[in-house]
Amino acid sequence: MKYGNPILPKFHPDPSICRVDEDFYLVVSSFEYFPGIPIYHSRDMVHWEQIGHCLTRRNQVDLIPGAPNCWNIYAPTIRYHDGAFYVIATRVNGDNHGNFIITAKEPSGEWSDLLWLPFPGIDPSLFFDDDGRVYYTGTDQTIYL
């Protein structure tokens, strides 16, 4: 298969992809833009269609208008486990770095309210182990699990 690079041109920073059967889902950083965390769908990882946003309600997250670039929402990670989609991301507000999780049964549908995590840092990710445990990784001066 021949394709051009990048597969998503223009402004699509910090991409994260998960696969569910024959479908691929991709999220990217949205920073200060609302609605936040665009989500895309593909069957071949070459042709992508935006199917919605994960943050569509103002009460989900309090964005800072006029904030410097790279504040607010960035570095989302998308995962799928046991019939649900999970997005974990960072909200940056100056020196405050908070991480949250949102969930949805359908990636194009309504996403949950934010569940704030008691961990600082940036670039969070999730891993669902076969034994039922869930691992959270991130970085705050060092990488941690």
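Caption draft 1: Spotlight on the packing of aromatic side chains. Summed over the entire model, instances satisfying the criterion amount to 10 aromatic pairs. Their ring planes at 35 degrees and their centres at 6.1 Å tell us that F127 and Y135 sit as a pair that is tilted. Classification of F127 as partly exposed rests on a relative accessible area of 48%. Three or more aromatic residues link up through ring pairs in this structure, and these residues are F11, F31, Y33 and Y74. Here the guanidinium or amino end of R58 rests over the ring plane of F34, the centre of that ring lying 4.0 Å away.

Caption draft 2: A look at the sheet that holds strand β2 (residues 23-27). As summarised here, the arrangement of the four strands in space is β1-β2-β3-β4, forming an open sheet in which the pairing is antiparallel. Among the strands making up the open sheet, the edge pair consists of β1 (16-20) and β4 (49-55). Each adjacent strand pair in this sheet contributes to an overall mean axis angle of 25 degrees, direction not counted. Note that β1 and β2 share five bridges and pair antiparallel. In the strand pairing of β2, R19 is matched with F24.

Caption draft 3: Region of interest: the pattern of salt bridges. One pass over the full model with this rule turns up five salt bridges. In this structure, R57 engages D113 in a salt bridge whose closest nitrogen and oxygen atoms are separated by 2.8 Å. In this pair, R57 sits in the loop between β4 and β5 (72-81) while D113 sits in the loop between β7 (96-104) and β8 (115-116), placing the two residues 56 residues apart along the sequence. Among the residues examined, D113 registers a relative accessible area of 47% and is labelled partly exposed. The residue D131 makes a salt bridge to R133 at a minimum N-O spacing of 2.8 Å. What makes D131 partly exposed here is its relative accessible area of 45%. One salt-bridge network, in which partners are shared between bridges, spans R57, E110 and D113.

Caption draft 4: Up close: the pairing of strand β6 (residues 84-93). Taking burial as the measure, the 10 residues of β6 include eight buried ones, the bulk of the element. The pairing of β5 with β6 spans eight bridges and is classified as antiparallel. Bridge pairing in β6 links I73 to R91.

Caption draft 5: Seen up close, the sheet that holds strand β11 (residues 142-144). An order of β9-β10-β11 is seen for the three strands of this open sheet, with the pairing classed as antiparallel. Since the sheet does not close on itself, it has two edges, and those belong to β9 (122-128) and β11, each with one partner. When the angles between neighbouring strand axes are averaged without regard to direction, this sheet yields 10 degrees. Where β9 and strand β10 (residues 134-140) come together, five bridges link them in antiparallel fashion. Its bridge partner lying in β10, S125 is registered against T137.

Caption draft 6: Just the environment of P35, in detail. Mapped onto the elements of the fold, P35 is located in the loop between β2 and β3 (36-42). Residues P35 and L126, 91 residues apart in the sequence, show an inter-C-alpha distance of 23 Å.

Caption draft 7: Layout of the side chain of N99. Secondary-structure assignment places N99 in strand β7. Its relative accessible area of 0% is what places N99 among the buried residues. A polar side-chain atom of N99 sits 2.9 Å from a polar atom in the side chain of Y136. For N99, the contacting residues outside a window of four places in its chain are A89, T90, L115, W116, L117, F119, P120, G121, I122, P124, Y136 and Y144.

Quick notes on the rules
- Residues numbered from 1 in each chain as written.
- Predicted model: local features only at pLDDT ≥ 70, side-chain atom pairs only at ≥ 80, totals over all residues.
- Heavy atoms only, no water.
- Phe/Tyr/Trp six-rings, centres within 6.5 Å; stacked < 30°, edge-to-face > 60°.
- Buried < 20%, exposed > 50% of the residue type's maximum accessible area, 1.4 Å probe, protein only.
- Lys NZ or Arg CZ within 6 Å of the ring centre and 35° of its normal.
- Pairing = 2+ DSSP bridges.
- Helix = DSSP H or I, 4+ residues; strand = E, 2+ residues; numbered from the N terminus.
- Axes fitted to C-alpha atoms, helices over the stretch in contact; angles between N-to-C directions.
- Salt bridge = Lys/Arg side-chain N within 4 Å of Asp/Glu carboxyl O.
- Polar contact = N/O pair within 3.5 Å; in protein donor to acceptor, adjacent residues only side chain to side chain.
- Contact = heavy atoms within 4.5 Å.

Limitation: the analysis is restricted to geometry and does not speak to function.
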